[in-house]
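# Tertiary structure, described
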Amino acid sequence: MIEISHVDKRYGPGFQALKDCTTSVAKGEVVVVCGPSGSGKSTLIKCVNALEPFQSGEIILDGIKVNDPKTDLPKLRARVGMVFQHFELFPHLKIIENLCLAQEKVLGRSHDEAMAKGSKLLDRVGLKDHARKYPAELSGGQQQRVAIARALAMDPIAMLFDEPTSALDPEMISEVLDVMVDLAREGMTMMVVTHEMGFASKVAHRVIFMDQGEIVEDALKTDFFGSPRSDRAQIPVEDLVALRPRRHSGMVRRTRPQMCNCTSGNLEIPGSCFACPGMTQNEFRRDSGFQFVDQALTIRV
């Protein structure tokens, strides 16, 4: 379904975002792409449908060469669903109108057909009663579910997810992941950039670990979590999880997770907001008031 061969991507002469990346995604397969911030995860997935151009290598999507100048990119992108970090809904359109617009303009469906399809998908993601609202009237988790429904309305052959839960409050993450789990179980071909290792261990067939623009590990999830081949990916599962506040009271400082490059275990922690990146895992638990619970994070304040 998706073939990525020796792809290099540069931003100007001084920065190489992707270095000789080669992997594939079979039909019906779920592949999770993870790694530290700035490792090239989002760049790689955006190259798949040519939202980002690349300088060398090739990507073939369902038999079509993405970087061929003759390729009709708008037509190709219409066949691949894309879900972004920040929803990208049209704020001036109602929810049902967000789902109908591309169906009518790109696929040529009648308004009634588009409405029927949109309503069915909103019901599928649990938002049928919100069809006449505007995006600003919905929570972040609800908006992301609308974005998934909008992508599905185009009857895609594959779905690309670029950190779909990173902009959400912790309590909203599960409602989005539940929709994604259902898609995976239905056999949708999916390539997912995420820090949610619980999702990866539950539904992924393979896990790709990236670092500094390179694919350093590409393995079945059982091998990745059990016995990774590369030194860089030999990190306990709980340390790979993006630490996120869960149930809490009072004021909590929060930053986006970053991968610590210290020598004490490569913990993934929210910068230096709560604790020194050089702490060991046990010191981090004891001194910061955090506890790893169910592959997520509880904060004591």
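Structure shown above.
Keep in mind it's a predicted model, so treat the numbers as computed, not measured.

On to the overall build of the chain, then. Scanning the chain for helices and strands turns up 10 helices and 14 strands. Counting across all 301 residues of the chain, residues that qualify as buried make up 51%. Nonlocal contacts in the chain, meaning residues at least 24 apart in sequence, comprise 61% of its contacts between residues at least 6 apart. Put simply, the chain shows about 14,100 Å² of open surface, and 49% of that area lies on carbon and sulfur atoms.

Turning our eyes to something else, we now look at the pairing of strand β9 (residues 206-211). Among the six residues in β9, six count as buried, and that is most of the element. Burial of the side chains of β9 extends over both faces: Arg206, Ile208 and Met210 are buried on one face and Val207, Phe209 and Asp211 on the other. Bridge count for strand β3 (residues 30-34) against β9 is four bridges, and the pairing is parallel. Bridging across to β9, Val33 finds its partner in Ile208.

So, about the environment of Thr189. Its location among the elements puts Thr189 in the loop between α6 (170-185) and β8 (190-193). Using a relative accessible area of 2% as the deciding quantity, one classes Thr189 as buried. Through-space distance from the C-alpha of Thr189 to that of Met159 is 6.2 Å; in sequence the pair is 30 residues apart. Those residues in contact with Thr189, other than ones at most four positions away along the chain, are Met1, Val25, Ala26, Lys27, Gly28, Glu29, Ile157, Ala158 and Met159. A distance of 2.7 Å separates the side chain of Thr189 from the backbone nitrogen of Gly28, its partner in a polar contact.

Residues Met190 and Val192 line one face of β8 and the alternating positions Met191 and Val193 line the opposite face, and both faces are buried. As defined by bridge partners, β3 adjoins β8 across four bridges and the pair is classed as parallel. In the strand pairing of β8, Val30 is matched with Met190. Pairing analysis gives four bridges linking strand β7 (residues 158-162) to β8, with the strands arranged parallel. The residue of β8 that forms the bridge with Phe161 is Val192. Crossover connection from β7 via α6 to parallel β8: handedness right-handed.

Turning to unusual backbone geometry, a few remarks are in order. For residues other than glycine, phi is negative in most cases, and the peptide bonds are mostly trans. Its identity as a non-glycine residue notwithstanding, Ala50 has a phi of 65°, on the positive side. Following the sequence through the fold, Ala50 ends up in the loop between α1 (41-48) and β4 (56-61). Among the residues examined, Ala50 registers a relative accessible area of 16% and is labelled buried. The backbone phi angle of Phe87 is positive, close to 70°, even though this residue is not glycine. For Phe87, the position within the fold is in the loop between β6 (80-83) and α3 (95-105).

A separate point is the sheet that holds strand β10 (residues 214-220). Spatially, the six strands line up as an open sheet ordered β6-β7-β8-β3-β9-β10, and their pairing is mixed. Looking at which strands have only one partner, the edges of the open sheet turn out to be β6 and β10. Sheet twist, expressed as the mean angle between neighbouring strand axes with direction ignored, is 15°.

This part is about the pattern of salt bridges. All chains considered together, the criterion is met by 10 salt bridges. As a salt-bridge pair, Glu58 and Lys65 come within 3.6 Å of each other at their nearest N and O atoms. Judged by relative accessible area, which is 26%, Glu58 ranks as partly exposed. Judged by its relative accessible area of 34%, Lys65 is partly exposed.

Further remarks concern the packing of aromatic side chains. A ring pair, where both rings are aromatic, is described by two values, the distance of the centres and the angle of the planes. Counting across every chain of the model gives three aromatic pairs. Measuring from centroid to centroid gives 5.2 Å for Phe224 and Phe225, while their planes differ by 80°, and the two rings are edge-to-face. Taking the relative accessible area as the measure of exposure, Phe224 reaches 2% and is therefore buried. The class of Phe225 is partly exposed, set by a relative accessible area of 21%. Connected via pairs of aromatic rings, a cluster forms that spans Phe209, Phe224 and Phe225.

Cut-off values and rules
- Residue numbers restart at each chain and count upward from 1, following the sequence in its written direction.
- In keeping with the predicted nature of the model, local features appear solely for residues at pLDDT of at least 70, side-chain atom pairs appear and are counted solely at 80 or more, and the whole-chain, interface and lining totals rest on all residues.
- Neither water nor hydrogens contribute to the side-chain values; these are computed over all heavy atoms in the structure.
- Secondary structure elements follow DSSP: runs of H or I of four or more residues count as helices, runs of E of two or more count as strands, with numbering from the N terminus.
- The buried label goes to any residue with under 20% of its type's maximum accessible area, the exposed label to any with over 50%, and the partly exposed label to all in between, with areas taken from a 1.4 Å probe on protein chains only.
- Residues are treated as being in contact if the distance between any of their heavy atoms lies within 4.5 Å.
- To be clear on the numbers: accessible area is Shrake-Rupley with a 1.4 Å probe, and residue cover counts the displayed protein chains and nothing else.
- Should DSSP find at least two bridges between two strands, the strands are taken to pair.
- Polar contact is the term for a pair of N or O atoms within 3.5 Å; when the atoms are in protein, one must be able to donate a hydrogen and the other to accept it, and sequence-neighboring residues count only if both atoms are side-chain atoms.
- The path from the first strand over the helix to the second decides the hand: if it runs clockwise while the strands point away from the viewer, the crossover is right-handed.
- In this analysis an axis means a line fitted to C-alpha atoms, helices contributing only their contacting stretch, and an angle means the value between N-to-C directions, from 0 to 180 degrees.
- By definition here, a salt bridge exists when the distance from a side-chain nitrogen of Lys or Arg to a carboxyl oxygen of Asp or Glu is within 4 Å.
- Here a pair means two rings of Phe, Tyr or Trp (six-membered ring of Trp) with centres within 6.5 Å. Their orientation is stacked below 30 degrees between planes, edge-to-face above 60, and tilted elsewhere.

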